[in-house]
Amino acid sequence: MAHLSEAAVKQITEICDRYADEKTPLMMILSDIQREYGYIPLEVQELVSDKTGIPVAEIYGVVTFYSFFSLQPKGKYVIGCCLGTACYVKGAQQVIDKFSEILGIKAGETTADGLFTIDALRCIGACGIAPAVSINGKVYPKVSVNAVSGIVDEYKAKEN
Ligand code: FES
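Everything quoted here is computed from the prediction, not taken from an experiment.

(A) Structural view of the domain arrangement of the protein chain. Assigned domains of the protein chain: these are domain 1 (6–65) and domain 2 (77–158). Relative to domain 2, the C-alpha centre of domain 1 lies at a distance of 29 Å.

(B) Representation of the packing of helix α6 (residues 92–103) against helix α7 (residues 148–158). Relative to each other, α6 and α7 sit at 50 degrees, their axes nearing to 9 Å. In terms of their interaxial angle, α6 and α7 are classed as oblique. The crossing of α6 and α7 is right-handed. Every residue of α7 that contacts α6 at V95, K98, F99, I102 and L103 is listed here: V148, S149 and V152. Grouping the amino acids of the contact of α6 with α7 by side-chain chemistry returns six nonpolar, one polar and one charged.

(C) Examining the pairing of strand β2 (residues 116–121) more closely. Taken across its six residues, β2 has five buried, putting it largely inside the fold. The pairing of strand β1 (residues 77–82) with β2 spans six bridges and is classified as parallel. Bridge assignment links C81 to a residue of β2, and that residue is A120.

Procedures and definitions
Residues numbered from 1 in each chain as written. Predicted model: local features only at pLDDT ≥ 70, side-chain atom pairs only at ≥ 80, totals over all residues. Domains from an automatic or database assignment. Axes fitted to C-alpha atoms, helices over the stretch in contact; angles between N-to-C directions. Helix = DSSP H or I, 4+ residues; strand = E, 2+ residues; numbered from the N terminus. Parallel < 35°, antiparallel > 145°, perpendicular 65-115°, else oblique. Left-handed = near helix turned anticlockwise from the far one by under 90°. Contact = placed C-beta atoms within 7 Å. Nonpolar A, V, L, I, M, F, W, Y, C, P; charged D, E, K, R; others polar. Buried ≥ 20, exposed ≤ 12 C-beta atoms within 10 Å, placed from the backbone. Pairing = 2+ DSSP bridges.

See below:
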């Protein structure tokens, strides 16, 4: 665990201990780690494997299968662009492309200043207001390409 700080090891161990009595604790453990630690890199997966006896390969499989889990630290503001069918037919691809152009990153990447991550999502259950974008839980309805720079500026302004 060379790369993990003592505090991180303690935090991950506590999360694993929470579900020590569960028969199938992996999803619960990984969900808590994602929420509380922010991401699930390989060193964390190895620690979870040590604590639970679940093979790293199985943990890695789960972490990479679900887009909710992340191997990389995410930005302060996670821009979730829905690319589900309803959003797609209303121009969601152009919307996510505009976020990429303005921020200089692709979907799944984080800006160098750590402020923004772009995530491509499947349906987020807001098809009636497609195309929908969700930023840290706040949902933006019927987002047009022209609205994208204003949305980015809204978050940049919070940093000034
Ligand atoms: S397809 Fe985008 S919210 Fe359903």
